[in-house]
Amino acid sequence: SFLSVTLRKIFPMTFRDLNLKKPLWNALDDLGYETPTTIQAASFNVMMSGKDTIGIAQTGTGKTLAYILPCLCMWKFSKDPHPQILIIVPTRELVAQVVREVEKLTPYMNVAVGGVYGGTNMNTQAAMVLQGLDVLVGTPGRILDLAANGSLQLKHAKKVVIDEVDETLSLGFRAQLLRIFEFLPVKRQNMVFSATLSEEVSDFLEANFTVPVRVEAARSGTALAQIDQIGYRVPNFLSKVQMLHHLLENTVDSSKVLVFVQSRALADMLFEEMESSLLNSVGVIHSNKAQNFRFNSVQNFQTGVFRVLIATDLIARGIDVTDVTLVINFDIPEIPENYIHRIGRTGRADKNGVAITFVSEKDADALSKIESLMQQELPFTEVPSEVEMTDELLEFEKPVAQIPGKLLKLAKREVGPAFHEKKAKNKKVNVRYDHKKAMMDKYGKPKRKRN
């Protein structure tokens, strides 16, 4: 069972009102941070009490700082080279983001922080870990690899944070998390943070945490109030492309646009469609892209080189960009919680944002689940008359014809040129072995024994 604390509004306070160490106050002053967000203020004392904590707040409300500050506040210098604070995140982009946040908060503290993730040389990361870290940020698979080969000692970890816990579990990391728990000391403080909390996640936490306190800055699944949501009924891919062109040309503020699609293949397909008209101002990012490509795409989008960035849900959690003016759901997500994470990329830090969603007939069930999660309906607007809609379907959109009650016969496999006759010497022939004939064939004359 969970103890629950729900705070939608708290009394105005500053970071000076929190029981922080002076080095952290100095770092916050340098960064210009004065007022904590609701989740930062609400969760601070709970985490400082040492209790297991579940933090729920919308994307963009400062969850990363909410767990880093109390963890650093409770950190104590030690000559032990093994990490005291372990932060587990689902993507390599989020690893880099959290490492940067820790570095920004510790210029006046002797804290060593490092990040580890898959897709890169494990020996290099193992060497970094062995040099000594106070804070380790990593993806579950790579943390487990390093712990299993002895490079990483987790028995000294006092604080364990799982960020974006719902995404971490939905990506299939449950088994890795349970294995990581086996390397950790029994006596530790667990903290998880996310914008949404599904029933599956609740069951996992209840089974592995000790009476966690649930701190909610707003109900799980609540959309940000400062985001204007708009829906358009658009039938297919080509029509969506036309609608996207129209929005980019006519939306009041479309200077930084994040477009979400359902799959990696669709991301590449849409990029090819948009590249010719947007020239060098559009980028694409998904898990099939190389690490440097992904980092560069986010950097170009952040700095304004790319006006539009096309992304998949997996990458949504690791994109650390500010001032996104417009989010477009080119495809409606199948998992309703992903909708909240997507639109939460705009309207951050008390700024207004706009989220537009394209919905086709096949999306009726997914839309219903999203509206149920938000406890509000998505408002729809008519497609402008100047946008050309088409009935043409691409190959992947066409329905597959099936005849009820009949099974398809598999075609007989044809033997191609890769199959060849065996050489004569390798053929098995059931004949009696004739030694005399064999010697004659080999030496040209019968071989006789010497006396």
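Residues numbered from 1 in each chain as written. Predicted model: local features only at pLDDT ≥ 70, side-chain atom pairs only at ≥ 80, totals over all residues. Heavy atoms only, no water.

Draft legend 1. Region of the structure containing the overall build of the protein chain. Within the protein chain, the regular secondary structure consists of 16 helices and 14 strands. Sorting the 451 residues of the protein chain into buried and exposed places 49% on the buried side. Restricting the contact set of the protein chain to residue pairs at least 6 apart, pairs at least 24 apart contribute 76%. Split by element, the accessible area of the protein chain, about 24,300 Å² in all, is 51% carbon and sulfur. (Helix = DSSP H or I, 4+ residues; strand = E, 2+ residues; numbered from the N terminus. Buried < 20%, exposed > 50% of the residue type's maximum accessible area, 1.4 Å probe, protein only. Contact = heavy atoms within 4.5 Å. Areas by Shrake-Rupley, 256 points an atom, 1.4 Å probe, with all protein chains shown as cover.)

Draft legend 2. The arrangement of the pairing of strand β4 (residues 113-116) in detail. Across four bridges, the pairing between β4 and strand β5 (residues 135-138) is parallel. In the sheet register, Gly114 faces β5, and the bridge partner there is Leu136. Read as a crossover between parallel neighbours, the route from β4 over helix α5 (residues 122-130) to β5 is right-handed. (Pairing = 2+ DSSP bridges. Right-handed = clockwise from strand over helix to strand, strands pointing away.)

Draft legend 3. Local environment of the pattern of salt bridges. Using the criterion set out here, one finds twelve salt bridges in the structure. The partner of Glu101 in a salt bridge is Lys104, with the nearest N and O atoms 3.1 Å apart. Of this pair, Glu101 and Lys104 are both found in helix α4 (residues 92-105), three residues apart, which corresponds to roughly one turn of the helix. A salt bridge links Glu182 to Arg179; the shortest N-O distance between them is 3.8 Å. Residue Glu182 and its partner Arg179 are both found in helix α8 (residues 174-183); the two are separated by three residues, about one turn of the helix. (Salt bridge = Lys/Arg side-chain N within 4 Å of Asp/Glu carboxyl O.)

Draft legend 4. Geometry of the layout of surface pockets. The calculated volume of the second largest pocket comes to roughly 580 Å³. Surrounding the second largest pocket, 24 residues form its lining, Pro235, Lys240, Ser360, Lys362 and Asp363 being those nearest its centre. Partitioning the lining of the second largest pocket into residue classes produces eleven nonpolar, four polar and nine charged. (1 Å grid on protein atoms, 1.4 Å probe; cavity = no way out; pocket = protein on both sides within 12 Å on 5 of 7 lines; lining within 4 Å. Points joined across faces, edges and corners; volume = space filled by probe spheres on them. Nonpolar A, V, L, I, M, F, W, Y, C, P; charged D, E, K, R; others polar.)

Draft legend 5. Up close: the pairing of strand β13 (residues 326-329). Burial along β13 is two-sided: the residues Leu326 and Ile328 and Val327 and Asn329 are all buried. Strand direction decides the pairing type here: strand β10 (residues 257-260) and β13, joined by four bridges, are parallel. If you follow Leu258 over to β13, its bridge partner there is Val327. Two elements, β13 and strand β14 (residues 353-359), share four bridges in a ladder whose sense is parallel. Bridge pairing in β14 links Val327 to Ala355.

Draft legend 6. Geometry of the nonpolar core. The biggest cluster of nonpolar side chains holds 42 residues, and the ones touching the most others in it are Leu20, Ile87 and Val137. When contributions to this core are tallied by element, the ones reaching two or more residues are α1 (22-31), α2 (38-48), α3 (63-74), β3 (85-88), α4, β5, β7 (189-194) and β8 (213-216). Here this core gets eight residues from one element, more than from any other, and that element is α3. Among all residues touching Val137, those that are not within four sequence positions of it are Ile87, Val89, Val95, Val98, Val99, Val113, Gly114, Gly115 and Val116. Formed by 30 residues, the second largest nonpolar core is a distinct cluster that contains Ile180, Phe181, Leu184 and Leu205. (Core = buried A, V, L, I, M, F, W, Y, C linked by side-chain atoms within 4.5 Å.)

Draft legend 7. Here's a closer look at α3. With twelve residues, α3 extends 18 Å between its outermost C-alpha atoms, agreeing within 8% with the 16 Å of an ideal straight helix rising 1.5 Å per residue. Across the twelve residues that make up α3, a large majority, eleven, are buried. All of the buried residues along α3 are Lys63, Thr64, Leu65, Ala66, Tyr67, Ile68, Leu69, Pro70, Cys71, Leu72 and Cys73. (Expected span 1.5 Å × (residues − 1).)

Draft legend 8. Focus on the packing of aromatic side chains. Tallying each qualifying case throughout the model produces five aromatic pairs. Summarising the aromatic geometry, the rings of Phe330 and Phe358 are spaced 5.9 Å apart at their centres and angled 65° between planes, so their arrangement reads as edge-to-face. Of this pair, Phe330 sits in the loop between β13 and α14 (336-343) while Phe358 sits in strand β14, and the two are 28 residues apart along the sequence. Residue Phe330 is classed as buried on the basis of its relative accessible area, which comes to 1%. Over the ring of Phe380 we find Arg233; its NZ or CZ atom is 3.9 Å from the centre of that ring. Lying over the aromatic face of Phe301, Lys256 brings its terminal NZ or CZ to 5.9 Å of the ring centre. (Phe/Tyr/Trp six-rings, centres within 6.5 Å; stacked < 30°, edge-to-face > 60°. Lys NZ or Arg CZ within 6 Å of the ring centre and 35° of its normal.)

Draft legend 9. Representation of the packing of helix α6 (residues 140-148) against α8 in the model. Viewed as axis vectors pointing N to C, α6 and α8 meet at an angle of 35°, and their least axial separation amounts to 9 Å. For the pair α6 and α8, the sense of crossing is left-handed. Residue-level inspection shows Pro140, Gly141, Ile143, Leu144, Ala147 and Ala148 of α6 in contact with α8, the latter providing Gln176, Arg179, Ile180 and Phe183. Split into classes, the residues belonging to the contact of α6 with α8 amount to seven nonpolar, two polar and one charged. (Axes fitted to C-alpha atoms, helices over the stretch in contact; angles between N-to-C directions. Left-handed = near helix turned anticlockwise from the far one by under 90°.)

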